[in-house]
Amino acid sequence: MASILYNGINQLITTFDQDSTLLDISLENKIPHLHECGGNGRCTTCRVRVIEGHQNLSARTMVERNTAHLRRWDPAVRLACQCRVKGDVVVQRLVWTGAEVNKLQLETIPEGEAEERNIAILFCDLRNFTRITSQNLAFDIAHMLNRFYTVLGDPILMNNGIIYQYVGDEIVGIFGTAGGTRQKNATDAIRAALGMQYAIERLNHMELKDFDTKFEVGVGVNFGRAFIGHLGHPKHRQFTVIGDPVNVASRIQGYTKVAKVKTLISESIYKSVEEGTLEIGNTFRTQLDGKDFESQLFELRGFREMDMNLELQSSLDFILKNEEGFARRFYDKVFTKAPGVRALFKSDMVSQGRLLTHMLSGIVYSLSRPEYLKMGLRTLGKSHEKYGVRPEYYPLVEEILLETIREELGALYTEKLGRAWKQALEYITSQMVNWEADEKIVEMSNAAN
Ligand code: HEM
Ligand code: FES
C-alpha cells in the first residue's frame, strides 16, 4: 500500500495499485489534474513537484527524460502520466488551469542568448486612461484595472500566446514563441485581438455599468522575425523580445487613435492568413514613426465565417460563471432523461461535476493546441469505454450539454454561439467515440511506411 498526499489541496489518497500512473490515480480519485495530451508525455501539463518520497516513484521513462533535459528540470519535477507510485509520496500539482499552460513554452527558450523566431506581436492600449484615473477613486481604479488585465489577458492565453508585458495601461502579447507556422501564429493573434474587443464590450455592459465608465481599447498586431531569449543580469534574467517588428506593432497600435478604429493589423499579418478569411473594414497607407516608407494597415472587424474557437473562447467564462450549478443542472437533466445512466457514476456528483467543468474549460484553452487536444480526447474516450459508456449515449449528452449552455447564456445566447458549441461538441464526441478507428488508421499507415 502507498499513500499520496496532494499538497495544496491537502488530500490524502491510499492505493494498492502499482500499475497505474500517478495521473491515473489522480483521475480515479476525482482530483482535477490537468492532462492536455491525455497522458502521452507530450504536453507537460500533468507535471508535479515531488516534495517527499522521490525514491518511491518509478524512474523517468525515455520520453520524460528527454523532456526533463530539454526544459532543464530539477529531479523533483515529474510527469504524473509517466511515473508509477511504489511507496508514500507528497506531491504538488504545478499547473492548475489551462490559463497557465502557455508560460511553459518559456522553458524551451535558451538562457543568456537570444534566438530569432517568427512571432506575432499584439499591443493593446487602454484609451483615456488619464481621464479615468482623474475621475475615479484609487480603490475603484485598482478594481477596474484588475478586471481590465484579466479580461484582456484571457484572449491572449486562450490563443497559445504569452502575456509579455504590462506597461502601464498597455498589454503586450506574443504568439509563436515555441515555433508553429506563420499562419497559425498570425491567426492566434487575430483571434486574441477580436476576443479582446468582445471582452471589453461585455465588461462595459455588465461590470462597469455602475461605475459610469466605459473602457475602450486600441489594438495593433504585427508579424515578423524577432529575437527572443532570457536576458539580463545572470542573477535576474528575464524573458525578452527584441526586434523591429515589436516596435512596429506598438506604432500600429498608436495609429488606431489617428485612424479612429479599434483594431489594425499590418500587411504581414493580413498576408499570413488565407485570402477571404477576414472581414476587413478600411485600409490605410501611412508612414509609421521611424520608417522612411509607407505601410499598409487593415482595419480588422472579424472573421468572414463563424469562427468556432473565437465563439467558444468568448462565451466560456459566462457559461462557467457558476461551475457547480452548471454541472448540477446538467447531470440532473441527464438522469431525468436517461435514469439508467446514473448507475455508471461511482463517485459523488459534486466532484464529478468539478472534473467535467475543469475538462470543458481545459478543452477551450486547448483549442489552439489541436494536436494535444485530439490526443486528450482520445484518452478520455478510452476511459469512457471502461466506465461502461456506450456510443449511443453521446448524442443525448451532447444535446443536454447544448441545452444547459443555452440556458446558462440566457440573454447572451445567439444562434451563432449555439452553432459554435454544437460544432465543438460534435468534434469532442467524435474524437472520444472514434479513437479505435483512428488508431487503426495510424497503425495501418505506419505499417505501409
Ligand atoms: C462531451 C462529452 C463528455 C465529456 C467532456 C466528459 C467528461 C468527463 C470527465 C472529465 C470525467 C472524469 C474522469 C476522466 O477524466 O476520465 C468523466 C467521467 C465519466 N463520464 Fe463523462 N464526459 C462526456 C461524455 C459522457 C457520456 C456520453 C457519458 C454517458 C452517460 C458519460 C459518463 C461518464 C461516467 C460514467 C464517468 C465516470 C464516473 C465515475 O467514475 O464515477 N460521459 N466524464
Ligand atoms: S505530459 Fe502528461 S498528460 Fe501530457
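Residues numbered from 1 in each chain as written. Chains lettered and ligands numbered in written order. Predicted model: local features only at pLDDT ≥ 70, side-chain atom pairs only at ≥ 80, totals over all residues. Heavy atoms only, no water.

**Q** Could you give an account of the domain arrangement of the protein, naming the residues involved and the relevant values?
**A** Put simply, an interface is often sized by how much accessible area is lost when its parts join up. Splitting the protein by domain gives domain 1 (2–96), domain 2 (105–305) and domain 3 (310–437). Just the C-alpha atoms count here: the centres of domain 2 and domain 3 sit 31 Å apart. Contact residues are listed per partner, giving 14 residues for domain 2 and eleven residues for domain 3. Taken together, the two surfaces of domain 2 and domain 3 that pack against each other cover about 1200 Å², and 56% of this comes from carbon and sulfur. Among the ionic pairs, Asp317 bridges to Arg202, the shortest N-O distance being 2.6 Å. (Domains from an automatic or database assignment. Contact = heavy atoms within 4.5 Å. Buried area = accessible area lost by both parts, 1.4 Å probe. Salt bridge = Lys/Arg side-chain N within 4 Å of Asp/Glu carboxyl O.)

**Q** How would you sum up the side chain of Asn204? Please name residues and give values.
**A** Checked against the element boundaries, Asn204 lands in helix H5 (residues 182–207). Its relative accessible area of 10% is what places Asn204 among the buried residues. Polar contacts involving the side chain of Asn204 include one to the main-chain amide nitrogen of Phe215, which spans 2.7 Å. Among all residues touching Asn204, those that are not within four sequence positions of it are Lys209, Thr213, Lys214 and Phe215. (Helix = DSSP H or I, 4+ residues; strand = E, 2+ residues; numbered from the N terminus. Buried < 20%, exposed > 50% of the residue type's maximum accessible area, 1.4 Å probe, protein only. Polar contact = N/O pair within 3.5 Å; in protein donor to acceptor, adjacent residues only side chain to side chain.)

**Q** Talk me through the coordination of the iron atom of ligand 1; I want residue IDs and the actual numbers.
**A** One donor from the polypeptide reaches the iron atom of ligand 1: His384 (NE2), at 2.0 Å. Within the secondary structure, His384 sits in helix H11 (residues 370–387). (Donors = N, O, S within 2.8 Å, 3.2 Å for Na, K, Ca; no water.)

**Q** Requested: an account of the packing of aromatic side chains, with residues and values cited.
**A** Summed over all chains, the structure comprises ten aromatic pairs. Judged by centre distance (6.0 Å) and plane angle (25°), the rings of Tyr331 and Phe335 are stacked. Here Tyr331 pairs with Phe335, and both are found in helix H9 (residues 323–337), just four residues apart, close to one helical turn. Accessibility assignment for this pair places Tyr331 and Phe335 in one class, buried. Relative to Phe345, the ring of Tyr331 has its centre 5.5 Å away and its plane inclined at 70°; by these criteria the two rings are edge-to-face. Pair noted here: Tyr331 is in helix H9 and Phe345 is in the loop between H9 and helix H10 (349–366), with a separation of 14 residues, a long-range link. On the basis of relative accessibility, which here comes to 23%, the residue Phe345 falls in the partly exposed class. (Phe/Tyr/Trp six-rings, centres within 6.5 Å; stacked < 30°, edge-to-face > 60°.)

**Q** With reference to specific residues and values, describe the pattern of salt bridges.
**A** Going through the model one piece at a time under the given rule, you end up with 25 salt bridges. With a closest N to O distance of 3.3 Å, Arg285 and Glu294 form a salt bridge. Lys422 serves as the salt-bridge partner of Glu426, at 2.9 Å between the closest nitrogen and oxygen. Here Glu426 pairs with Lys422, and both are found in helix H13 (residues 415–433), just four residues apart, close to one helical turn. Judged by its relative accessible area of 41%, Lys422 falls in the partly exposed class.

**Q** Got a sec to walk through the nonpolar core? Specific residues and values, please.
**A** Within the largest apolar cluster, 40 residues are counted, with the highest numbers of intra-cluster contacts made by Met308, Leu312, Leu316, Ile319, Phe326, Phe330 and Trp421. Looking at this core, the elements that each hand over two or more residues are helix H8 (308–319), H9, H10, H11, helix H12 (394–409) and H13. Among the elements that make up this core, the one with the highest residue count is H13 (seven residues). Look past the residues within four positions of Leu312 in its chain and what remains in contact with it is Val364, Leu367, Ala420, Trp421 and Ala424. Counting residues in hydrophobic clusters, the runner-up holds 38 residues, among them Cys124, Leu126, Ile171 and Phe223. (Core = buried A, V, L, I, M, F, W, Y, C linked by side-chain atoms within 4.5 Å.)

**Q** Break down unusual backbone geometry for me, with residues and values.
**A** Located in the positive-phi region is Thr44, a residue other than glycine, with phi close to 70°. Assignment of secondary structure puts Thr44 in the loop between helix H1 (22–28) and strand S3 (47–52). Since its relative accessible area comes to 2%, Thr44 is described here as buried. Even without a glycine there, the phi angle at Asn160 is positive, about 65°.

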